[in-house]
Amino acid sequence: MSEERGKLKNRFAGDGLSECGCDEVGRGCLAGPVFAAAVILPSDFYHPLLNDSKKLTEKQRYMLRPYIQEHAVAWSVASATAAEIDEVNILHASFLAMHRAVDNLSVMPERLLIDGNRFDAHPKIPHVCLVHGDALYAPIAAASVLAKTCRDDYMKKLAADYPAYNWVSNKGYPTEEHRAAVEIFGLTPHHRKTFCKSKF
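Residues numbered from 1 in each chain as written. Predicted model: local features only at pLDDT ≥ 70, side-chain atom pairs only at ≥ 80, totals over all residues. Heavy atoms only, no water.

**Things to note about the overall build of the protein**
Let me state the cut-off plainly: Helix numbers and strand numbers start at the N terminus; a helix is a DSSP run of H or I with at least 4 residues, a strand a run of E with at least 2. Based on C-alpha atoms, the radius of gyration is set beside the globule rule, defined as 2.2 Å times the residue count to the power 0.38. Burial classification: accessible surface area is computed with a 1.4 Å probe over protein chains only, and a residue below 20% of its type maximum counts as buried, one above 50% as exposed, and the rest as partly exposed. Working rule for contacts: check all heavy atoms of both residues, and any pair within 4.5 Å makes them a contact.
Helices and strands together make up the secondary structure of the protein, namely seven helices and seven strands. Reading the protein from its N end, one meets helices and strands in the order β-β-β-β-α-β-α-α-β-β-α-α-α-α. On C-alpha atoms alone, the protein measures out to a radius of gyration of 17 Å, which is about the 16 Å that the 2.2 N^0.38 rule sets for 200 residues. A principal-axis box enclosing the C-alpha atoms of the protein has dimensions of 55 × 35 × 25 Å. Here the protein holds 200 residues, and 49% of them are scored as buried. Sequence separation of 24 or more characterises 66% of the internal contacts of the protein that already satisfy a separation of 6 or more.

Okay, here's the thing in structure tokens:
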């Protein structure tokens, strides 16, 4: 089976090195952690629906997640808390979550494929930054699906204790409803204080 099928490529380079796709979700939220996933796929991986998670429906993302988890060589999901985001800023907290996901893999890759144009280098593994990588490379797209669905699950559970903010629906993003709830009820321990100060 070819290493390139449909829209996405399974490999960045043909040098035989093991590659791991990394992506994060939740950078623009007012509340909740930023989540990241790291995924190593086999060279013959293929699913016709796989794409950048933002281009998929919720149903498609949740259908893909168990398929990715079952067929990946290795996968991991990790996060950085709202407090950590306030401490180191959202960019570096995103990289921190990616590092944690990579370090939790059962198999260590030889190259990281990072969605975006910046990254805090991993101490042991070289990386390549790829703008819109989640729409180009299957390992990054797979990571985007895992990160998105796992974060959505987390925010839905968190919402049970804070129903006024409707995190079940907005997942912590700054919708009008969420912003209005912050103005009425104030901040929770899960809000990013540095974000909320700049948004209101």
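Moving on from the coordinates now.
**A look at the pairing of strand β5 (residues 74–80)**
Applicable threshold: When DSSP finds two or more bridges between two strands, those strands count as paired.
In β5, alternate side chains face the same way, and those of A74, S76, A78 and A80 are buried while those of W75, V77 and S79 on the opposite face are not. Relative to β5, strand β4 (residues 34–40) runs antiparallel, the two being bridged by seven bridges. Bridged to A37 within β5 is V77.

**With respect to the UniProt feature "binding site: a divalent metal cation" (unreviewed entry) in the protein**
For the record, the criterion: UniProt positions are given in the numbering used here, feature names are shortened, and annotations may be inferred rather than shown by experiment. Only protein atoms enter the 1 Å grid used here, on which a cavity is any set of points holding a 1.4 Å probe that cannot leave and a pocket is any open set flanked by protein within 12 Å on both sides along at least five of seven lines; residues with an atom within 4 Å of a point are listed as lining.
The sites that carry the UniProt feature "binding site: a divalent metal cation" (unreviewed entry) are, in the present numbering, D23, E24 and D115. These annotated residues cover 93 residues of sequence, and their C-alpha atoms all fall within 8.1 Å of one another, placing them together at a single site. In this structure, the largest pocket is lined, among the annotated residues mentioned, by D23, E24 and D115. With respect to the helices, strands and loops of the structure, D23 is situated in strand β3 (residues 19–25). With a relative accessible area of 3%, D23 lands in the buried category. With sequence-adjacent residues up to four places away left out, D23 is seen in contact with F35, A36, A37, M98, D115, D134, I140, A143, S144 and A147. Within the secondary structure, D115 is located in strand β6 (residues 111–115).

**Quick look at the layout of surface pockets**
Put simply, the test is: Grid points are joined across faces, edges and corners, and a volume is the space filled by probe spheres set on the points. In this classification, Asp, Glu, Lys and Arg are treated as charged, Ala, Val, Leu, Ile, Met, Phe, Trp, Tyr, Cys and Pro as nonpolar, and every other residue, Gly included, as polar.
Considering only enclosed or pocket space, the largest pocket measures out at about 180 Å³ in volume. For the largest pocket, the lining is made up of 14 residues, of which E24, R27, D115, G116 and N117 are closest to its centre. Those elements that provide at least two residues to the lining of the largest pocket are β3, α3 (90–103) and β6. Of the residues forming the lining of the largest pocket, the biggest block, four residues, is contributed by α3. Looking at side-chain class alone, the lining of the largest pocket contains five nonpolar, four polar and five charged residues.

**Here's the deal with the sheet that holds β3**
Quick reminder of the rule: Axis definition: a line fitted to C-alpha atoms, limited for helices to the stretch in contact. Angles are taken between N-to-C directions and run from 0 to 180 degrees.
In spatial order, the strands read β5-β4-β3-β6-β7; together these five strands make up an open sheet with mixed pairing. Two strands in the sheet have a free side with no partner beyond their single neighbour: β5 and β7 (127–130). Between one strand axis and the next, the sheet turns by 20° as a mean value, whatever way the strands run. Bridge count between β6 and β7: four bridges; the pairing is parallel. Across the sheet, residue I114 finds its bridge partner in β7, namely C129. Contacts from α3 reach β3, β4, β5 and β6, with the element oriented near 40° to β4.

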